[in-house]
Amino acid sequence: MHVSFEQWLTEIANYVFAALAIPTLVGAWMVVTSTNIVRAVLYLVVTLAGSAALFIMLGAEFVGWTVVLVYIGAVIILFLIGIMITRAPLGSHEELSHPATVKIPAALLSIVLFTVVAWAVADAFGGLAIPPDVGATRTGQLAEVIFQRFVIPFEVVSLVLLSALVGGIALARKDEPEEPA
Amino acid sequence: MSGLELLVVSGIKVVVAFAFLVLTVLVLVWVERRVVAFMQNRYGPNRAGPGGILQTLADGLKLFFKESMTPRKAQFLLYIAAPVLAVVTALLVFVVIPIGAPVTIGDTTYTLQVTDLDVGVLYILAISSLGVYAVALAGWSSGSKYPLLGSVRSAAQMISYEAALGLALVPVIMFSRTTSLAGIVEAQSGTFGGLLPAWNIVLLPSFVIFLIAGFAETNRAPFDLVEAEQEIVGGYHTEYSGMRFAFFFLAEYINMFNMAALTATFFLGGWNGPLFGPTWLRYVLPVIWFLIKSWVVVFLFIWARGTLPRIRYDQLMAFGWKRLIPVSLVWIMLAMVAIGVRRFGLPWA
């Protein structure tokens, strides 16, 4: 489905999309360029909040609020605690700026990754329009898909979490010093 | 409803909800000070207005005229944003709480809640998890030691008990078969055998876990380590004064009332109660039942503060992770079995 720029401008939803997508992109840019680690984490919050808002705009309320609950409300807060317990610098941090030998490959990798994901999504769903009368929530459908068709991938993902948990305990545990013989 | 009408109705609801919450906080602060005072055999504020009820207003005015000081090393933008964030998240939680039965005027039905989200329970958990940011950022951006200690404590405490809070609600959702708050209240109408009201409080373990986690989530005694005056001065808001401090204070009490209202909604049947009299009374009575139930829970909050000593930090963490969360997981399993048996019969039958 091809849409010309004039048609794009007539649709109000596109302005809402732009109002959400631009802060998301700016936030993502600031995450990697900010020299203060706490600020970088907070820009990550802006990015995730933008993506949650985009989900809600697409009618996937459940996914949107789950992003807020899990990523903004738990994961990023844990980042913040980790930073605050260790150093919580107030000023800027030179270590956060990498030399060009690191920056350029990272940028290239990001561009390639973006292209692949964008191409895959556009190829698979590009022609689909969201039916306007579908209502805001399809939580029931989502549950059916996760727990029926995709139940095995879902369980495998939970195994990844379990191994991360075990790894965390293994790293944090203080072993008793061995008894001298 | 047309677009304009929807806009006007929503606007009115928002303004009324805001006024209701601010008024509630004015009364709540006074009630808490008076009740705790009586529990401790003193009088409490009793000069301003009848019985001292205007004391909060006087305190608020005083804070309004006080100088707002900023520490030299503060990160100004975040330092200013933190109290605002605290109030905004506190206000946002109230948006989905139904305070009365739907009212029908003419042929339009208006719900007595700002909006009814289908994923209401998830929304509440998500928004209250954002409240942690206000505390964490206030502590960090102050550029001072005690606030930082207070905010690290609070962030750890709040995310620990959030887990228990959410898990306690899972059996409620499973029995009500909806995550909309209006739906959960509807599911609690009617009676068990025409005798007892069909409230979710029969899920007693859930109720107890939710209440305990609610105390911790709102940083109330006995879980008020966040602002333990004897150890870390005032915790995260040590460096705040004037209106900025008042914002944190406001947020704390709105959160307390929200938690009470949520307890009433999830476990005490919300606005359900006996209805009688003329039509207008049938619309007013549910609001009154809701308020009575909420204030009973509020009294529980105050009672706990007047009775229990503050627990130690390691006890707090051990209790949350090693007691509350395992108990709620086992309880979810049991509830699941109960629902399965009710639906499919006994496995050997």
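To start, this report covers the structure provided alongside it. Given the structure is predicted, the values throughout are model-derived calculations rather than measurements.

All names here are of chain B. The N-to-C vectors of helix α5 (residues 145-176) and helix α7 (residues 204-217) enclose an angle of 155°; their axes lie 8 Å apart at closest approach. When the interaxial angle is binned, α5 and α7 end up roughly antiparallel. Here α5 runs over α7; the crossing is left-handed. Only Ser206, Ile209, Phe210, Ala213, Gly214, Ala216 and Glu217 of α7 make contact with α5, whose side of the interface consists of Gln157, Met158, Tyr161, Glu162, Ala164, Leu165, Ala168, Leu169 and Pro171. Here the residues of the contact of α5 with α7 are counted per class, giving 11 nonpolar, three polar and two charged.

A separate point is the interface of chain A and chain B. As a measure of interface size, the accessible area lost when the parts come together is often cited. Residue-level contacts link 25 residues of chain A with 26 residues of chain B. Summed over both partners, the interface of chain A with chain B buries about 2,200 Å², with 79% contributed by carbon and sulfur atoms. The tally of links between chain A and chain B comes to zero salt bridges. Along the contact surface separating chain A from chain B lie one residue pair in polar contact (both at pLDDT 80 or more). Of all the secondary structure elements, the ones that give two or more residues to the side of chain A that touches chain B are α3 (37-57) and α4 (61-86) of chain A. With 15 residues, the top contributor of residues to the side of chain A that touches chain B is α4(A). When its residues are assigned to classes, the side of chain A that touches chain B shows 18 nonpolar, five polar and two charged.

The next subject is empty space enclosed by the protein. The gaps left among the atoms become clear once a water-sized probe is rolled over them. Residue and element names in this part refer to chain B. Enumeration over the complete set of coordinates arrives at one cavity of 30 Å³ or more. Lining the largest cavity are 27 residues, with Gly131, Met158, Glu217, Thr218 and Asn255 positioned closest to its centre. When residues of the lining of the largest cavity are traced back to their parent elements, those giving at least two are α3 (76-94), α4 (120-141), α5, α7 and α9 (242-267). For the lining of the largest cavity, the per-class residue count stands at 17 nonpolar, seven polar and three charged.

Attention now moves to the layout of surface pockets. Estimated volume of the second largest pocket: approximately 1,900 Å³. Lining of the second largest pocket is provided by 42 residues; of these, A:Phe62, A:Phe147, B:Val170, B:Ile173 and B:Met174 occupy positions nearest its centre. Listed by contribution, the elements that provide at least two residues to the lining of the second largest pocket are α4, α6 (139-149) and α7 (151-172) of chain A together with α4, α5 and α11 (313-344) of chain B. Broken down by element, the residue count for the lining of the second largest pocket peaks at 11 residues, all from α11(B). Among the residues making up the lining of the second largest pocket, the classes are represented as 29 nonpolar, eight polar and five charged. Lining the lining of the second largest pocket are residues from two domains, each supplying at least three of them: domain 1 (1-105 + 122-133) and domain 2 (138-171) of chain A.

This brings us to the packing of α7(B) against α11(B). All names here are of chain B. At a closest axis distance of 10 Å, the pairing of α7 and α11 adopts a crossing angle of 150°. Between α7 and α11, the crossing angle belongs to the class labelled roughly antiparallel. Crossing hand, α7 versus α11: left-handed. Residue-level inspection shows Pro205, Ser206, Ile209 and Ile212 of α7 in contact with α11, the latter providing Phe319, Leu324, Val327, Ser328 and Trp331. Residues that form the contact of α7 with α11 fall into these classes: seven nonpolar, two polar and no charged.

All names here are of chain B. In this structure the tally under the stated criterion is 15 aromatic pairs over all chains. Ring centres of phenylalanine 210 and phenylalanine 266 lie 5.8 Å apart, and the angle between their planes is 80°; on these two criteria the pair is classed as edge-to-face. With phenylalanine 210 in helix α7 and phenylalanine 266 in helix α9, this residue pair connects regions lying 56 residues apart in the sequence. The same class applies to phenylalanine 210 as to phenylalanine 266, namely buried. Three or more aromatic residues joined by ring pairs make a cluster, and in this case those are Phe20, Phe94, Phe257 and Trp295.

On to the nonpolar core. Formed by 108 residues in total, the largest nonpolar core has its most connected members in A:Trp65, B:Phe210 and B:Phe266. Looking at which element gives the most residues to this core, the answer is α4(B), with 15 residues. Each residue touching A:Trp65, except ones within four places of it in the same chain, is listed here: A:Ile56, B:Leu117, B:Val119, B:Leu122, B:Tyr123, B:Ala126 and B:Ile127.

For the rest of this paragraph, the subject is a nonpolar patch on the surface. All names here are of chain A. Taken together, the side chains of Phe5, Leu9, Ile12, Tyr15, Val16, Phe17 and Met57 define a hydrophobic patch exposed on the protein surface, amounting to about 670 Å² of accessible area. When residues of the nonpolar patch are traced back to their parent elements, those giving at least two are α1 (5-10) and α2 (12-33). No other element matches α2, which puts four residues into the nonpolar patch. Relative to the assigned elements, tyrosine 15 resides in helix α2. Its relative accessible area of 42% is what places tyrosine 15 among the partly exposed residues.

Conventions adopted
- Per-chain numbering applies: the sequence of each chain, read as written, is numbered from 1 onward.
- To read the labels, note that chains go from A and ligands from 1, taken in the order they are written.
- Where totals are concerned, whole chains, interfaces and linings use all residues; where local detail is concerned, this predicted model gives features only for residues with pLDDT of at least 70, and gives and counts side-chain atom pairs only at 80 or more.
- Heavy atoms throughout the structure, all of them, feed into the side-chain values; hydrogens and water do not.
- Lines are fitted to the C-alpha atoms to define the axes, a helix being fitted only along its stretch in contact, and any angle between axes, read from their N-to-C directions, falls within 0 to 180 degrees.
- Numbered from the N terminus, helices here are DSSP runs of H or I no shorter than four residues, and strands are runs of E no shorter than two.
- Put simply, angles under 35 degrees are roughly parallel, angles over 145 are roughly antiparallel, angles from 65 to 115 are roughly perpendicular, and the rest are oblique.
- Crossing chirality is assigned from the near helix's rotation relative to the far helix, an anticlockwise turn below a right angle marking it left-handed and a clockwise turn marking it right-handed.
- Contacts between residues were defined by any pair of non-hydrogen atoms, one from each residue, lying within 4.5 Å.
- Following the grouping adopted for this structure description, the nonpolar residues are Ala, Val, Leu, Ile, Met, Phe, Trp, Tyr, Cys and Pro, the charged ones are Asp, Glu, Lys and Arg, and the polar ones are all others, Gly among them.
- Two parts placed together each lose some accessible area under a 1.4 Å probe, and the buried area is that loss summed for both.
- Whenever Lys or Arg places a side-chain nitrogen within 4 Å of a carboxyl oxygen from Asp or Glu, that contact is recorded as a salt bridge.
- In the analysis that follows, any N or O atom pair within 3.5 Å is treated as a polar contact, provided that within protein one partner can donate a hydrogen and the other can accept it, and provided that, for residues neighboring in sequence, both atoms belong to side chains.
- Grid points spaced at 1 Å and placed over the protein atoms alone form the basis of the search, with a cavity being a set where a 1.4 Å probe fits but cannot get out and a pocket an open set showing protein on both sides within 12 Å along at least five of seven lines. Lining residues have an atom within 4 Å of a point.
- Grid points are joined across faces, edges and corners, and a volume is the space filled by probe spheres set on the points.
- As annotated, the domain borders come from an automatic or database domain assignment.
- Each Phe, Tyr or Trp ring (for Trp, its six-membered ring) is paired with any other whose centre lies within 6.5 Å, and the angle between the two planes then decides the class: stacked below 30 degrees, edge-to-face above 60, tilted in between.
- For every residue, the accessible area (1.4 Å probe, protein chains only) is compared with the maximum for its type, and the residue is labelled buried under 20%, exposed over 50%, or partly exposed between those bounds.
- Residues enter a nonpolar core if they are buried and are Ala, Val, Leu, Ile, Met, Phe, Trp, Tyr or Cys, with the set joined through side-chain atoms within 4.5 Å.
- Note on patches: the residues involved have over 30% relative accessible area and no salt bridge, like charges join within 9 Å, and the nonpolar side chains Val, Leu, Ile, Met, Phe, Trp and Tyr join within 5 Å.
- Using the Shrake-Rupley algorithm and a 1.4 Å probe, accessible areas are obtained, with residue cover drawn only from the displayed protein chains.

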